[in-house]
Amino acid sequence: MTDHVIVTEEGGARVIKLRRPEKKNALTQAMYRRMSDAIDTAQNNPDIRCLMITGGSGVFTSGNDLEEFLQAGALSSEAARASDMTKFLYSLAHNTKPIIAAVDGVAIGIGTTMLFHCDYVLASTTALFSTPFMQLGLVPEGASSLLMPATMGHQRAFAMLVMGRTMTADEAHVAGFVNAVVSPGHTEVEAHKVARELCRLPAEAVAISRKLLRTPPDELTRRIDQEAHIFGERMGSKEAIAAFKAFVDRKKH
Ligand code: COA
């Protein structure tokens, strides 16, 4: 089991903390497995009233580990679906508990797309949201091609998902996927306050209401599958391999 993800229980909240700061919390397959497991095992546990995902101080996550992408190469449709990344996205799609995210620093790729499966997002003034799929020769994942335009409108989603434009915390607040912007180093404290607020609400009513608000899981997983199929193919494309290599080799020159 990886020690790059720490799972704890605090009050009624299950806290999933990314702890790979030396790699800017880049996500490995083992980390996805640990996060999926933390989400899945919370579902039938009545003592867990909400979930929290945090990157700690200074960074949320730099997205998927690009060295692992390079090693993996092209994935068949089945392999892409069976990947730990896709399983993690499935866990988010099927999750029934409110999720709070605490973003302090960069949230790249899946670091941004996973936020659209969350219910309350806190960002510090240093947060920066980025989905550089095109620059990497890839395509959007995590049902972001569905959820991002639905949240912020097509034009803003296009600028991020296709043009690779970044968003600051304030811009993300205006775009509607960040609830509150706080000082650097304060996202977790604020997230715990939100967790306590959620834990005080009647759990059943919260679960039913959340389900009414969210896109149905089968719709999400259908889109996750569609995207994963193309994403897997693209991982072996010349464009993607060149971009992964350029990243991995960039300090050698
Ligand atoms: N995959 C693998 N390793 C990563 C990584 C990633 N996604 N992001 C950062 N790292 C590693 C770096 O290789 C470096 O490792 P090293 O010290 O062993 O060389 C370490 O984390 C620190 O990163 P560095 O680039 O030196 O820090 P920085 O502050 O200059 O830049 C980022 C930070 C996150 C902006 C930059 O690393 C980056 O752009 N990463 C790639 C993001 C990305 O494209 N993710 C995929 C989205 S689909």
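Look up: the structure comes first, before these words.
Presented here is an overview of the structure given in this document. Owing to the predicted nature of the structure, the values given are computational and were not obtained by experimental measurement.

About the criteria used
- Residues numbered from 1 in each chain as written.
- Predicted model: local features only at pLDDT ≥ 70, side-chain atom pairs only at ≥ 80, totals over all residues.
- Heavy atoms only, no water.
- Helix = DSSP H or I, 4+ residues; strand = E, 2+ residues; numbered from the N terminus.
- Polar contact = N/O pair within 3.5 Å; in protein donor to acceptor, adjacent residues only side chain to side chain.
- Buried < 20%, exposed > 50% of the residue type's maximum accessible area, 1.4 Å probe, protein only.
- Pairing = 2+ DSSP bridges.
- Near = heavy atom within 4 Å.
- Areas by Shrake-Rupley, 256 points an atom, 1.4 Å probe, with all protein chains shown as cover.

Take the side chain of T131 next. Examined against the element boundaries, T131 turns out to sit in the loop between β8 (128-130) and α6 (144-152). A polar contact of 3.0 Å, which involves the side chain of T131, links it to the backbone oxygen of M160.

Across a regular strand the side chains alternate sides, sitting on one face of the sheet and then on the other. When you tally the buried positions in strand β5 (residues 99-103), you get five out of five residues, the bulk of the element. Where strand β3 (residues 50-54) meets β5, four bridges bridge the pair, whose relative direction is parallel. Looking at the pairing, I53 lines up with A101 of β5. In this sheet, strand β7 (residues 120-124) lies alongside β5 in parallel orientation, the contact comprising four bridges. By the bridge assignment, I100 is partnered in β7 with Y120.

Neighbouring the ligand are 14 residues, the closest being K23, S62, L66, R250 and K251. L66 places a main-chain nitrogen or oxygen 2.9 Å from a nitrogen atom of the ligand. Contact with the protein chains hides 69% of the accessible area of the ligand, taken as 870 Å² for the molecule alone.

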